[in-house]
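So you can see what is in the structure, the chains are spelled out below.
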Amino acid sequence: MSKEDSNSNVGTATATPPALAPSSGSADTPQNVEPPTPLPPSVPPPNSESEDRTDLLAKARAFLHQPQVQREDLASKRRFLADKGLNEVEVEGLLREMPVQRPVVPPRSYPQPPPSNLPVLLLGVARLFSWLVGGAAALAFIYHRILLPRVTETSLARNSIKSHQLSLLYKLNTSLAALKESQTEVAAVMPKPESYKEPSVSAACASLDALLKAAEQQGDEVSRIYAVSLLRCAIADFRAGAGARNPNTAELFTLLAGKIPWLVSEEGRSFENHIWETLSTCPLFVSTASPSPDDIPEAAPPATDRNQEILYWSYTPPEPVPPTAILQSLSRLAATIPKSSAENRSPLQHALQAMTDFTGYISSQMYAPYVPMGTRFAPGVAMGAVEEEVRKEIRTLKGLVLNRRTFLPSPPVRSQ
């Protein structure tokens, strides 16, 4: 075989096979796909020169340095070089000469970033701001056109009502001050109320028994009896039984507890305290150190015994209040008015008088001589004056009865 034929065969063998030459548009060609079996290379003659092997090795080395071939695996490269007529020593030498194959970096296929939301956000903010401004403008318009006039009118009405009420209160205070002054002037001549005045029922009782009996008749409880009346009657009962000697505090309350056992109970403690307060505060009850007004009071006890001093109580009736000028003038006026001498006649007095006369007439006729009935009321027989009078009275009474029955109100009808 000539040199040109061997070169042509090597050039044909060095051409990239379809399986080893991936397309430029596809970078993901599978690595485990075996290329189709290449055409059998022409066997060089045994007498080929070393230049041909050198040229074949150079072409194989250039073939291995191609980028498409570098992506293939070692098995495919070995198979392809062996098919081109290289022995294993030459194939191993060429593969060792090859640089270390770096891992294939896949092409960048990052997802596209989403579009920016800033314009949408700005548009929403602008819309929100426009709505707020529009709403505020609408509210301001409604307030100034509708609410503000009503609020102003209401405020003016309240101020006018307040001023009117203040003027009325000022007039009321003025009238009250004038009334107070007039009452003060009138009260100067009016009778003053008597202090510690007893009720009329209690004032008429002179003993505890009479006071309790009067309270029982009135239906009052013991706690409602006037305390001044109780103390007055108790002092009077003790003086009557002790020879006009005034009782001390213990004797007075012992007498009250004997007459009213309810005082020593739990319910009567408060009323007993009320009686003691009345005894110690009422000016009508005077406490002395001697049991009798005629006795000379004993010397004051020592300082250690002053807290245990025994007090004797007496009752001093209040002085009568002198009548005021207006009471005196009213008394003189009542004395000068003449009393009516006319008797108060009852409205049935006339009927009672008529019935009395009629009863007397019947009694007088019971003993009159007998006259036949036919002859008494015969049309031709004349009657006496007494009979005529009786007939007139009977007719009048009959007319009154008939008229009363006619004009009486009808009784109410009861519903069934």
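Conventions we followed
Residues numbered from 1 in each chain as written. Predicted model: local features only at pLDDT ≥ 70, side-chain atom pairs only at ≥ 80, totals over all residues. Heavy atoms only, no water. Helix = DSSP H or I, 4+ residues; strand = E, 2+ residues; numbered from the N terminus. Buried < 20%, exposed > 50% of the residue type's maximum accessible area, 1.4 Å probe, protein only. Contact = heavy atoms within 4.5 Å. Areas by Shrake-Rupley, 256 points an atom, 1.4 Å probe, with all protein chains shown as cover. Salt bridge = Lys/Arg side-chain N within 4 Å of Asp/Glu carboxyl O. Axes fitted to C-alpha atoms, helices over the stretch in contact; angles between N-to-C directions. Parallel < 35°, antiparallel > 145°, perpendicular 65-115°, else oblique. Left-handed = near helix turned anticlockwise from the far one by under 90°. Phe/Tyr/Trp six-rings, centres within 6.5 Å; stacked < 30°, edge-to-face > 60°. Polar contact = N/O pair within 3.5 Å; in protein donor to acceptor, adjacent residues only side chain to side chain. Disulfide = S-S within 2.5 Å. pLDDT = per-residue confidence, 0-100. Patch = residues over 30% accessible without salt bridge, like charges linked within 9 Å, V, L, I, M, F, W, Y side chains within 5 Å. Core = buried A, V, L, I, M, F, W, Y, C linked by side-chain atoms within 4.5 Å. Nonpolar A, V, L, I, M, F, W, Y, C, P; charged D, E, K, R; others polar. Arc of directions from axis to C-beta.

1. Looking at the overall build of the protein chain
Summing up its helical and strand segments, the protein chain has 15 helices and two strands in all. Each of the 416 residues in the protein chain was classed as buried or not, and the buried ones make up 16%. Sequence separation of at least 24 residues holds for 69% of the intrachain contacts in the protein chain that already meet a minimum separation of 6. On the protein chain, roughly 32,600 Å² of surface is accessible, and the fraction owed to carbon and sulfur atoms is 61%.

2. Considering the pattern of salt bridges
Here the structure, examined in full by the defined rule, presents five salt bridges. Between Arg-78 and Glu-92 there is a salt bridge, with the nearest N and O atoms lying 1.9 Å from each other. Here Arg-78 is found in helix α4 (residues 74-83), whereas its partner Glu-92 is found in helix α5 (residues 88-97), with 14 residues between them in sequence.

3. Let's talk about the packing of helix α8 (residues 208-218) against helix α10 (residues 249-259)
Axis separation between α8 and α10 bottoms out at 11 Å; the angle between their running directions is 45°. Looking at the two axes, α8 sits oblique to α10. The two elements α8 and α10 meet at a crossing, and its hand is right-handed. Contact with α8, carried on its side by Leu-208, Asp-209 and Leu-212, involves Leu-255, Leu-256 and Lys-259 of α10 and no other residues of that element.

4. Here we look at the packing of aromatic side chains
If you walk through the whole model with that rule in mind, you get five aromatic pairs. Centre to centre, the rings of Phe-253 and Trp-276 are 6.4 Å apart; their planes meet at 55°, and the pair counts as tilted. Separated by 23 residues along the polypeptide, Phe-253 in helix α10 and Trp-276 in helix α11 (residues 269-281) bring together distant segments of the chain. Between Trp-262 and Phe-271, the ring centres sit 6.1 Å apart and the planes meet at 45°, which makes this aromatic pair tilted. Residue classification places Trp-262 among the partly exposed positions, given a relative accessible area of 31%. Owing to a relative accessible area of 6%, Phe-271 belongs among the buried residues under this scheme. Members of the aromatic cluster, connected to one another through ring pairs, are Phe-253, Trp-276 and Trp-313.

5. Some points on the environment of Ile-235
Within the secondary structure, Ile-235 is located in helix α9 (residues 227-241). Not counting chain neighbours up to four residues away, the residues in contact with Ile-235 comprise Pro-247, Leu-252, Phe-285, Trp-313, Ser-314 and Tyr-315.

6. What about α5?
Within α5, burial applies to Glu-90, Val-91, Gly-93, Leu-94 and Leu-95. Contacts made by the buried residues of α5 are with α2 (50-64) and α4.

7. Topic: the side chain of Arg-232
Relative to the assigned elements, Arg-232 resides in helix α9. With a relative accessible area of 13%, Arg-232 lands in the buried category. Engagement of the side chain of Arg-232 in a polar contact is seen with the backbone oxygen of Ser-202, the distance being 2.9 Å. Apart from the residues within four sequence positions on either side, Arg-232 is in contact with Glu-198, Ser-202, Ala-203, Cys-205, Ala-206, Phe-285 and Tyr-315.

8. Re the state of the cysteines
By the definition in use, this model includes zero disulfides. With no disulfide partner, Cys-205 has as its closest neighbouring cysteine sulfur the one in Cys-233, 6.2 Å distant. For Cys-205, a relative accessible area of 9% gives the class buried. Of the residues examined, Cys-233 reaches a relative accessible area of 0% and is grouped as buried.

9. Observations regarding the confidence of the model for the protein chain
With 71% of its residues at a pLDDT of 70 or more, the protein chain shows a mean pLDDT of 75. Summarising per-element confidence for the protein chain, the mean pLDDT is lowest in helix α1 (residues 3-14) (40) and highest in helix α6 (residues 118-187) (92). Counted against residues more than four places away or in other chains, residues 1-44, with its pLDDT under 50, gives 48 contacts. Predicted confidence for residues 295-307 stays below pLDDT 50, and this span has three contacts to residues more than four positions away or in other chains.

10. Points about a nonpolar patch on the surface
Residues Phe-141, Ile-142, Tyr-143, Ile-146, Leu-147 and Val-151 make up a contiguous nonpolar surface patch of about 550 Å² in total accessible area. By relative accessible area, which is 43% here, Leu-147 ends up partly exposed.

11. Description of the nonpolar core
Ranked by internal contacts, the top residues of the largest apolar core, which has 25 residues, are Leu-230, Leu-231, Leu-256, Ile-275, Leu-279 and Phe-285. Secondary structure elements with two or more residues in this core: α8, α9, α10 and α11. In terms of residue count, α9 provides more of this core than any other element does, seven residues in total. Beyond its immediate sequence surroundings of up to four residues, Leu-231 is in contact with Leu-252, Leu-256, Ile-275, Thr-278, Leu-279 and Phe-285. Within the second largest apolar cluster, twelve residues are counted, among which are Leu-56, Ala-60, Val-69 and Leu-86.

12. Some details on the packing of α4 against α5
Two elements in contact, α4 and α5, have axes whose closest approach is 10 Å; the angle formed by their N-to-C orientations is 135°. By the angle between their directions, the pair α4 and α5 is classed as oblique. Crossing geometry of α4 relative to α5 is assigned as right-handed. Of α5, the residues touching α4 (which contributes Leu-74, Lys-77, Arg-78, Leu-81 and Ala-82) are Val-91, Glu-92, Leu-94 and Leu-95. Grouping the amino acids of the contact of α4 with α5 by side-chain chemistry returns six nonpolar, no polar and three charged.

13. Some words on α10
Leu-252, Phe-253 and Leu-256 are the residues of α10 that are buried. All buried residues of α10 fall inside an arc of 90° around its axis, so they share one side. Exposed residues pointing more than 90 degrees away from the buried face of α10 are listed as Ala-250, Thr-254 and Gly-258. On its buried face, α10 sits against α8, α9 and α11. Its side-chain oxygen placed 3.4 Å from the backbone nitrogen of Ala-250, Asn-248 serves as the N-cap of α10.

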